[in-house]
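# Structural description and commentary
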Amino acid sequence: MTGETHKEAGPLGLASALVAGGALSSDWLPSFKAVPRELFVPDRIWPGTANGTEQNPVVHRSRDPEAWRRAVYSDIPLTTQWDDGDHEGDALGTTPSSSNSMPTMVFSMLQDLDVRPGDRVLEVGTGTGWNAGLLAHRLGGSNVVTVEYDPDVAHHARENLARAGLKPVVVEDDGRSGWAEGAPYNRLIATCSLLEIPPAWLEQTAPGGVIVAPFGTEYGGEQIVRLTVGADGTSASGRFTRGSAFMRLRQQRTDRPPFENYLHGREWPADGVRSTTALAPPDTGGWFEQFVIGAGVPAAFWRAERYEDGAYTLWLYSRDTLSWASAEYERGRTEYEVYQSGPRRLWDEVADAYRWWADQGRPGCERFGLTVTSEGQYLWLDSPDNLVPRR
């Protein structure tokens, strides 16, 4: 991962950092130079950080052009919309909903995509249009289709692309449906994270074609997956390449009901059954640990309640509001108090998933893969016949 800022706040400084970090390959360098990021960044932005965990105050080009340019040519994501466009003003909104992605991630995913001359590419999630512009410069505008759900975002992307002299096809539609009119595609890339790979994407990608997308679990964590579509056009399989932190496809967002919905009018701990565990509750865990737990514990999510001296409660919830669990962590203890309620024993599921990963030697993302078929999607370790156990 490259640093967030560069001594030279300009394209040459950013290019040098991306090349040094291995994200920007020689075949993408001409497009990087011909399609400057600044043409695809609005006057008002909220700069992020390289690790994706923080959001900085607003920067206006008209008020502080140097700060704006420094942000544009830093290796960081730039939020351009909050709360699906409902947010007004310069303060931070609740949830980022559109952005210009971190350059390291942009060019790493383009390397994963491995386009060839003459390839037709479908992109899902136009955003500011920079990624579509890079692809259009490399392959020609007629070979690139980009789908954006938000009409306002699509409108500004068209303006950005026109200003850059690029003409990919920009479609306003639900990205889950792809765009059949332009199929088949040799490559498909998504710039929004997914819980499920839509069947239409497999149907519209030619056999042997490649799908590159951020794939996450409902519990948390997200990785880039590179799938190759099978000969029948209804299945695809491939490995994960790196961690990521994209905004979720709007139609695949999941609700997070309040805790009161789980108690069903009763006082905590209601009918929760007390036990103890020697496994320290894995807090929020690392980003990848969340992904691994989520692979084994479907339809569940967590929250953390933090106290002084590093103590916290890990709360676990099932999506259907029928089950919940809590696990208390305090420093220096060797046993931790657990309460579980409902038809699912969520702490037991999380603990089993975590222990399974530890027993495998704590493998990283490059050993995990995903297979998608008409019957469902399956995460695996090392080979498609070694499925991650689901609780």
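Computed from a predicted model, the values in this text were never measured in an experiment.

Time to look at helix α6 (residues 151-163). For α6, spanning 13 residues, the distance from its first C-alpha to its last is 19 Å, which sits close to the expected 18 Å at 1.5 Å a residue. Contacts made by the buried residues of α6 are with β3 (78-82), β4 (96-100), α5 (130-139), β6 (144-148) and β7 (169-172). Its side-chain oxygen at 2.9 Å from the backbone nitrogen of D152, D150 defines the N-terminal cap of α6.

We now examine unusual backbone geometry. Following A183, the chain continues into P184 via a peptide bond in cis, with omega recorded as 0°. Position of P184 relative to the elements: it lies in the loop between β7 and β8 (185-190). With an omega dihedral of 10°, the bond running from W268 to P269 counts as a cis peptide bond. With respect to the element layout, P269 can be found in the loop between α8 (260-263) and β12 (273-277). Backbone geometry at D83 places phi at a positive 55°, although glycine is not the residue there. As for its placement among the helices and strands, D83 is situated in the loop between β3 and β4. Look at T321: it is not a glycine, yet its phi comes out positive at around 65°. Relative to the helices and strands, T321 resides in the loop between β14 (312-318) and β15 (324-329). A residue is classified by how much of its surface remains accessible, and T321, at 17% relative accessible area, is buried.

This part covers the sheet that holds strand β16 (residues 336-341). Taken in spatial order, the 5 strands make up an open sheet running β12-β16-β15-β14-β13, and their pairing is antiparallel. The open sheet terminates on both sides in strands that have one partner only, identified here as β12 and β13 (300-306). Geometrically, the sheet is characterised by an average inter-axis angle of 20° between neighbouring strands, direction not taken into account.

What follows is about the nonpolar core. Ranked by size, the top nonpolar core spans 53 residues in total, and within it I197, W201, F240, L316, W347, F368 and L370 carry the most contacts. Per-element tally for this core: the top contributor is helix α10 (residues 346-359), with 8 residues. What W347 contacts, discounting residues up to four positions off in sequence, is T277, L279, P281, P282, L314, L316, A325, A327, V338 and Q340. Counting residues in each nonpolar core, the second largest holds 45 residues, with L113, V115, L135 and I189 among its members.

Each value, and the rule that gives it
Residues numbered from 1 in each chain as written. Predicted model: local features only at pLDDT ≥ 70, side-chain atom pairs only at ≥ 80, totals over all residues. Heavy atoms only, no water. Helix = DSSP H or I, 4+ residues; strand = E, 2+ residues; numbered from the N terminus. Expected span 1.5 Å × (residues − 1). Contact = heavy atoms within 4.5 Å. Polar contact = N/O pair within 3.5 Å; in protein donor to acceptor, adjacent residues only side chain to side chain. Buried < 20%, exposed > 50% of the residue type's maximum accessible area, 1.4 Å probe, protein only. Pairing = 2+ DSSP bridges. Axes fitted to C-alpha atoms, helices over the stretch in contact; angles between N-to-C directions. Core = buried A, V, L, I, M, F, W, Y, C linked by side-chain atoms within 4.5 Å.

Functional significance is not addressed by these values, which are geometric in nature.
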